[in-house]
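Spelled out, the chains give:
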Amino acid sequence: MRFGLAWRMATIAALAGLLAARTPIYAQFGAPSPQSAFSIPTDQQLQPQELNRLLRAQGANKPLVLQVGSRVLFAQAHIAGSEYAGAGSQAAGLKQLQDRVAPLPRKSFIVLYCGCCPWNRCPNLGPAFNLLRQMGFTRVKALYLANNLGTDWVEKGYPVESGR
Amino acid sequence: MGSFAAGGRTASAADSLLNKKAPPFTRTDLNGKALDLASLRGKVVLLDFWATWCAPCQAEMPRFAAWQRQYGPQGLQVIGISMDDEPAPARMLVAKLKLNYPVAMGDEKLGELYGGVLGLPLIYLIDRDGTVRAQFQGETDPKTIETQLKALLAQP
C-alpha cells in the first residue's frame, strides 16, 4: 500500500517534470486567445512547402492567396502574387476581405496567411478564416507559419515581393 | 512593386546588424517630440518594434516601462516603434499602459532599414557606442533580455 502511494507520487512528480520541461515559451505570456489562429483545425492548415509547391506548379489549381494581417508588414515583404485583404482582427479589415471575396464562386481555392507573430498568437487568421467559412467558402486553407513570415517563408527561400 | 530574392533577407539581415552601428533614424514620437537615435549615443538603447495586435508585444511593454524606471538612471533608454498601420490604436495602448518612454510610428522604410521587420516582437539592444549587440525576435524570456541589458549597462 505504502509502496503503491510512493510509486504514484513518483509517477506524478515525473510527469510534472516532463510537462515543465516541455512547457512552451508562450506559456509565460498566458494561453492563446480563442480568436487566435490556434482555433483553426489542423486539417484546414497548409504547410509553407505545400503552398510553395502549388504556386510553382503548372496548371489551373493555383489558389488565391490573401494576406489578412498588417499592411506595414505586407509592404516590406509578402508571398509573391498575394494580395492584401485587410487585418482580420479589425472590423474594417474583415469588411475589406468580405468585399474582396464576395464575387468569387464558393468553391474557389483560397489561402489565407498573416505571419505577424507566432501562430498561437496571431489575432488575424482566426476571424478571417471563420468569416470565409461563414460565407460558404469550402476550399479555404490557413497557411501555417509557426513563427512569422520572415522565418517560415522568406528565409526558406520561397518567392516574395515587396511593396503595397 | 519591387521583388527580391528571398533567402535570409529577414533574420539573417537582422543578424548582420549584430556588432554593427545601429542604422540611424529620426522620427516624431506620439507626443510630437523629435526622436533621433544618434542623439542617444552614450546610452544603452532598447529598441522595441511592436504593434497593438501583437499579444506578446503587449505582455512585454509594461516590463520595459519598469526597466526604464529601474535602469534609466544607469543610462537605459527604451524606444518603442509601433508597426501599426495607423497611430490611433497605438496612442490608445500607450496611454492605457502608461508607458514612460518615447513611442513613434514605424513604416516599411524603417523596417527595411533594420533588416526587415517581418514578425513581432523584435527587439534590439544597442550599446552606448551605438552598436547593435543583441536581437530578440518572437516571444523571448525576459530574463534573457534583462541579463544582456545589465551587461551592457555595466560597460562604460
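Located above this text is the structure these notes cover.
Residues numbered from 1 in each chain as written. Chains lettered and ligands numbered in written order. Predicted model: local features only at pLDDT ≥ 70, side-chain atom pairs only at ≥ 80, totals over all residues. Heavy atoms only, no water.

**Overview of the environment of B:Ser39**
Residues and elements named next belong to chain B. Selection rule: Numbered from the N terminus, helices here are DSSP runs of H or I no shorter than four residues, and strands are runs of E no shorter than two. For every residue, the accessible area obtained with a 1.4 Å probe (protein chains only) is divided by the maximum for its type, and the residue is called buried under 20%, exposed over 50%, and partly exposed between those limits. Identification of polar contacts relies on pairs of N or O atoms within 3.5 Å, with a donor-acceptor requirement for protein atoms, meaning one able to donate a hydrogen and the other able to accept it, and with residues adjacent in sequence counted only if both atoms are side-chain atoms.
Within the element layout of this structure, Ser39 appears in the loop between strand 3 (34-36) and strand 4 (44-50). In this structure Ser39 comes out as exposed when scored by relative accessible area, which is 55%. In the structure, Ser39 is positioned 110 residues away from Leu149 in sequence and 19 Å away in space, judged by C-alpha atoms. Of the polar contacts made by the side chain of Ser39, one reaches the backbone oxygen of Asp36; its length is 2.6 Å.

**Let's talk about the pairing of strand 2 (residues 64-67) of chain A**
Residues and elements named next belong to chain A. Formally: Criterion used throughout: strands pair if DSSP finds at least two bridges between them.
Neither face of strand 2 is left uncovered, since the one carrying Leu64 and Leu66 and the one carrying Val65 and Gln67 both have all their residues buried. The sheet contact formed by strand 2 and strand 5 (residues 109-113) spans four bridges and is parallel. Paired with Leu64 across the two strands is Ile110, which belongs to strand 5. As judged from the two bridges shared by strand 2 and strand 4 (residues 83-84), these two strands associate in the parallel manner. Residue pairing across strands places Gln67 opposite Tyr84, the latter belonging to strand 4.

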